[in-house]
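As a plain string of letters, each chain reads:
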Amino acid sequence: MRYWLMKSEPDDCSIDDLAAMPGQTVAWYGVRNYQARNFMMRQMRPGDRLFFYHSSCPQPGIAGIAEVASSAYPDETQFDPASRFYDPKATREQPRWFNVDVKFVAKTRLVGLPELREHAALENMRVLAKGNRLSITPVDPDEWTYIVEQLLERKTDEF
DNA sequence: GCCAACGTTGGC
DNA sequence: GCCAACGTTGGC
């Protein structure tokens, strides 16, 4: 099992929105970056856990925990001319963009970006790297455990 | 709203 | 295949 961090703009889909979805599950559509797409296609497996991160908002940071609930399949929005994610170069026969489903696990207190930066144990996290823009990043198991146990004061096996 | 970082595009 | 121009992300 792998661990991830996935960014979502809370205006678009917050952790509360995810919890309110039918089945508490959402298709993670709209990824238009090959590196992030490749993580979903090649490395994500159902059951992987992720930090649900709020970005582009007043308080960016980890807002909850979710799990990967499907393998990667073609992102429907690439075929929809009305969608802001429409890609005219994508076809049903040769889709370009894929997504997984993501399912709610827990809402946590908000662990803000400044707080994450305070911890030496987390200094190599991709999301903290200067200039990082990638919306999906792998999280090291040690980093996962540190955040869950030290910052959230929960047991890793709770999630 | 600013701007640094970085990915993509397209002319050559 | 290079690289300048451009667009987007996302923290501040």
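Note: the structure precedes this text.
Parameters and conventions
- Residues numbered from 1 in each chain as written.
- Chains lettered and ligands numbered in written order.
- Predicted model: local features only at pLDDT ≥ 70, side-chain atom pairs only at ≥ 80, totals over all residues.
- Heavy atoms only, no water.
- Phe/Tyr/Trp six-rings, centres within 6.5 Å; stacked < 30°, edge-to-face > 60°.
- Helix = DSSP H or I, 4+ residues; strand = E, 2+ residues; numbered from the N terminus.
- Buried < 20%, exposed > 50% of the residue type's maximum accessible area, 1.4 Å probe, protein only.
- Arc of directions from axis to C-beta.
- Contact = heavy atoms within 4.5 Å.
- Polar contact = N/O pair within 3.5 Å; in protein donor to acceptor, adjacent residues only side chain to side chain.

## Describing the packing of aromatic side chains
Each aromatic ring pair is specified by the distance between its two centres and by the angle formed by the two planes. Enumeration according to the criterion identifies six aromatic pairs in this entry. Ring geometry for Y29 against F85: centres 6.0 Å apart, planes inclined by 65°, an arrangement best described as edge-to-face. In this pair, Y29 is assigned in the loop between β2 (25-27) and α3 (34-43) and F85 in the loop between β5 (73-74) and β6 (98-99), connecting sequence segments 56 residues apart. With a centroid separation of 4.7 Å and an interplanar angle of 35°, the aromatic rings of Y34 and W97 are classed as tilted. Separated by 63 residues along the polypeptide, Y34 in helix α3 and W97 in the loop between β5 and β6 bring together distant segments of the chain. Taken together, Y3, F51 and W144 form an aromatic cluster joined through their ring pairs.

## What about helix α5 (residues 141-151)?
Every buried residue belonging to α5 is among E143, W144, I147, V148 and L151, and all of these are buried. Seen along its axis, α5 keeps its buried residues to an arc of 125°; they face one direction. Buried residues belonging to α5 abut β1 (3-8), β3 (49-54), β4 (61-68), β7 (101-112), α4 (113-117) and β8 (136-139). At the N-terminal end of α5, a side-chain oxygen is found 3.0 Å from the backbone nitrogen of D142, two or three residues along, and the residue is D140.

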